[in-house]
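# Fold and contact review
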Amino acid sequence: MLIKLPKASDCQESDVTPESFYLSRRSLLGGALAGIAASSLPRWVSADEAARYPDVEPGKAPNWFAEKLPATKWQAVTVKDESITPFKDATHYNNFYEFGTDKGDPAKNAGSLKTEPWSVVIDGEVAKPGRYALEDFMKPYQLEERIYRLRCVEAWSMVIPWMGFPISALLKQVEPTSKAKYIRFETLQDAKSMPGQRSSFGLIDWPYVEGLRLDEAMNPLAILAVGMYGRELPNQNGAPLRLVVPWKYGFKSVKSIVRISLVSEQPKTTWQSIAADEYGFYANVNPTVDHPRWTQARERRLPSGLFSPNVRETQMFNGYSDEVASLYTGLDLRKNY
Amino acid sequence: MRYPIWRIGVFIAAAVWPLLWLYEAWSFALGPDPGKVLVDRLGLGTLILLLITLGMTPLQKLSGWAGWIAVRRQLGLWCFAYVVLHLAAYCVFVLGLDWSQLGVELRKRPYIIVGALGFLSLLVLALTSNRYSQRRLGSRWKKLHRLVYVILGLGLLHMLWIVRADLKEWAIYASIGALLLVLRVPPVARRIPRRITKKATTATKA
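A brief look at the structure comes next. (Residues numbered from 1 in each chain as written. Chains lettered and ligands numbered in written order. Predicted model: local features only at pLDDT ≥ 70, side-chain atom pairs only at ≥ 80, totals over all residues.)

## Some details on the interface of chain A and chain B
With 23 residues of chain A in contact, the opposing surface of chain B contributes 17 residues. For the side of chain A that touches chain B, the per-class residue count stands at 12 nonpolar, seven polar and four charged. (Contact = placed C-beta atoms within 7 Å. Nonpolar A, V, L, I, M, F, W, Y, C, P; charged D, E, K, R; others polar.)

In structure tokens:
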């Protein structure tokens, strides 16, 4: 007999917000907004979907995204008993060194990034390599909302509702050959629109490169995201296409992807190249293995107020042990950090 | 007291920043992680004040105006005040007042060790900055206060180890620091034109 054991991240019937609450909140919002509707009519269509979360700035969704939105599987994965980080914080406090090293730089500078048109190259050990326009690349996939914890290697964390699809679905499309052992991702390199790439004192050899073992990429939790908070990704969060691997430190989740390669050798990642003793290939969230310069045992869950600091214990694999620990049996996680 | 308005002006200019930042933190203007922002700003403020303090002697020599020296001790003490706040903010917001963790950090992290050494050195200089110590230590006082050059090195190293990906900002502070040290190398210092030498000597004593 098969016994289904619920995983910690499973969404249960009881977690779902009752539709009546949800609808009444919407009608309330609708009513409150109706007064100013006349003056801002053109924004209405996108603002309606953005209202899924409070205070979400409506964006300008590309057509392919707007077409996919109605079929989205909302709350496909959720977190239990944790509140979602406010939109403003998730979009105005993050690292995206292509736009500067301060936490506010991405939001300030990423406006220059041009995400349409966008193309993605698939190459390496695959049966179907090619260069795809993003709208064609996205055609086969249904969007799912995945609410994940995000743990930055710098010891802060957030909870973010992403929208995307599992990498396993992509791999099914492009058919890796038997030689493919790793998947390598590359961010856009464009010094014209990315001021961080122009710094002559920078230590990073652009473009930004990240990678996963193929079995890690096949794990159902690993997704490619195109949206967050019910809308398309804002530029500063890695528009139009980014990786999200919730059991690894945030820097693994490479942004603004232009190239995905299936390779036979472990790719040399950007942070490994800068400081191999501080940032390993695996970069699994692990409270027992410190960063050489700070402890990883605890994290500041943002927003963390000045007079009400929100400090909590970091969980092994960021709380996704049930789903991913089996990937690493027999591997010494102290050596393979 | 000479230059009272100048001294008070410097006092206000140095005191206003931490108050402004505290107000910003209180009014949620520092983003979702205000503690970290405060720690960073206070640390950088310490370094900038150290560089300003070290700039007073060359400025006085170049301009001949004794007012620069009149605020030097005050600026040095402000530098100490900022480092005390920096350390306090680190203990509260980064360590969450977990003292056993402080012990771990002090043993394991080179940049924390270097920062702690810099703090202790600044503490020594602050404690001996009064006239009583100057009289008591006599000629040794000047030697002791040359420790400030070591502190500059420690501070820059402390910052360098925190930088993760872009050295531009650090390089700017390091080159200003290097320039201020070069101006003190005797062969260079001799070449700086001394204007109104007499006034300058009396001012140093004052």
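## Some remarks on the packing of helix H2 (residues 34-63) of chain B against helix H9 (residues 147-160) of chain B
Residue and element names in this part refer to chain B. Between H2 and H9, the least distance of the axes is 11 Å, while the angle of their chain directions is 150°. By the angle class used here, H2 and H9 are roughly antiparallel. Pair H2 / H9 crosses with left-handed handedness. On H9, the residues touching Thr46, Leu47, Leu50 and Leu54 of H2 are Val148, Ile151, Leu152, Gly155 and Met159. Across the contact of H2 with H9, the residue classes break down as seven nonpolar, two polar and no charged. (Axes fitted to C-alpha atoms, helices over the stretch in contact; angles between N-to-C directions. Helix = DSSP H or I, 4+ residues; strand = E, 2+ residues; numbered from the N terminus. Parallel < 35°, antiparallel > 145°, perpendicular 65-115°, else oblique. Left-handed = near helix turned anticlockwise from the far one by under 90°.)

## Some thoughts on the pairing of strand E8 (residues 223-228) of chain A
All names here are of chain A. For E8, the buried fraction is high: six of the six residues fall into the buried class. As paired elements, strand E5 (residues 156-166) and E8 share five bridges and run antiparallel to each other. Directly across from Trp162, in E8, lies its bridge partner Met228. Where E8 and strand E9 (residues 231-232) come together, two bridges link them in antiparallel fashion. When the bridges of E9 are listed, Gly227 appears paired with Glu232. Counted between consecutive antiparallel strands, the loop separating E8 from E9 contains two residues, among which Tyr229 sits at a positive phi close to 55°. (Buried ≥ 20, exposed ≤ 12 C-beta atoms within 10 Å, placed from the backbone. Pairing = 2+ DSSP bridges.)

## Description of the sheet that holds strand E2 (residues 119-124) of chain A
Residue and element names in this part refer to chain A. The five strands are arranged E3-E2-E11-E6-E7 in an open sheet whose pairing can be described as mixed. Edge positions in the sheet fall to strand E3 (130-133) and strand E7 (209-213), since each has one partner strand and no second. Direction aside, the axes of adjacent strands within the sheet are offset by 20° on average.

## Section: the pairing of strand E4 (residues 144-151) of chain A
All names here are of chain A. Burial of E4 is extensive: seven of the eight residues sit out of reach of the surface. In terms of strand pairing, E4 meets E5 through eight bridges, oriented antiparallel. In the strand pairing of E5, Ile147 is matched with Pro161. The turn joining E4 and E5, which pair antiparallel and follow one another in sequence, is formed by four residues; a positive phi near 75° is taken by Ala155.

## What to know about the nonpolar core
As a rule of thumb, soluble globular proteins bury nonpolar side chains together. Formed by 69 residues in total, the largest nonpolar core has its most connected members in Trp162, Ile223 and Ala225 of chain A. A per-element tally of this core places E5 of chain A first, with six residues. Core analysis: the second largest hydrophobic core is formed by 37 residues, Val39, Ala70, Leu75 and Leu152 of chain B among them. (Core = buried A, V, L, I, M, F, W, Y, C linked by C-beta atoms within 7 Å.)

## What about the environment of Leu22 of chain B?
Residue and element names in this part refer to chain B. Within the secondary structure, Leu22 is located in helix H1 (residues 4-26). Given 15 C-beta atoms within a 10 Å radius, Leu22 is considered partly exposed. With 93 residues separating them in the primary sequence, Leu22 and Gly115 have C-alpha atoms 23 Å apart.

## Some details on H1 of chain B
All names here are of chain B. With 23 residues, H1 ought to run about 33 Å at 1.5 Å a step, and its terminal C-alpha atoms sit 33 Å apart, in line with that. Among the residues making up H1, those that are buried are Ala14, Trp21 and Ala25. Summarising the contacts, the buried residues of H1 are in contact with H2 and helix H4 (72-94). (Expected span 1.5 Å × (residues − 1).)

## Points about unusual backbone geometry
With an omega of -5°, the peptide bond running from Glu116 of chain A to Pro117 of chain A counts as cis. Residue placement: Pro117 of chain A occurs in the loop between helix H5 (105-109) and E2. Along the chain, Trp206 of chain A connects to Pro207 of chain A via a cis peptide bond; the corresponding omega equals 0°. Structurally, Pro207 of chain A is set in the loop between strand E6 (182-187) and E7. One non-glycine residue, Ser256 of chain A, lies in positive phi territory at about 40°. Mapped onto the elements of the fold, Ser256 of chain A is located in the loop between strand E10 (242-244) and strand E11 (257-263). We classify Ser256 of chain A as buried; it has 26 C-beta atoms within 10 Å. In this structure, Phe28 of chain B is a non-glycine residue whose phi angle is positive, near 60°. Judged by C-beta crowding, with 12 C-beta atoms within 10 Å, Phe28 of chain B ranks as exposed.

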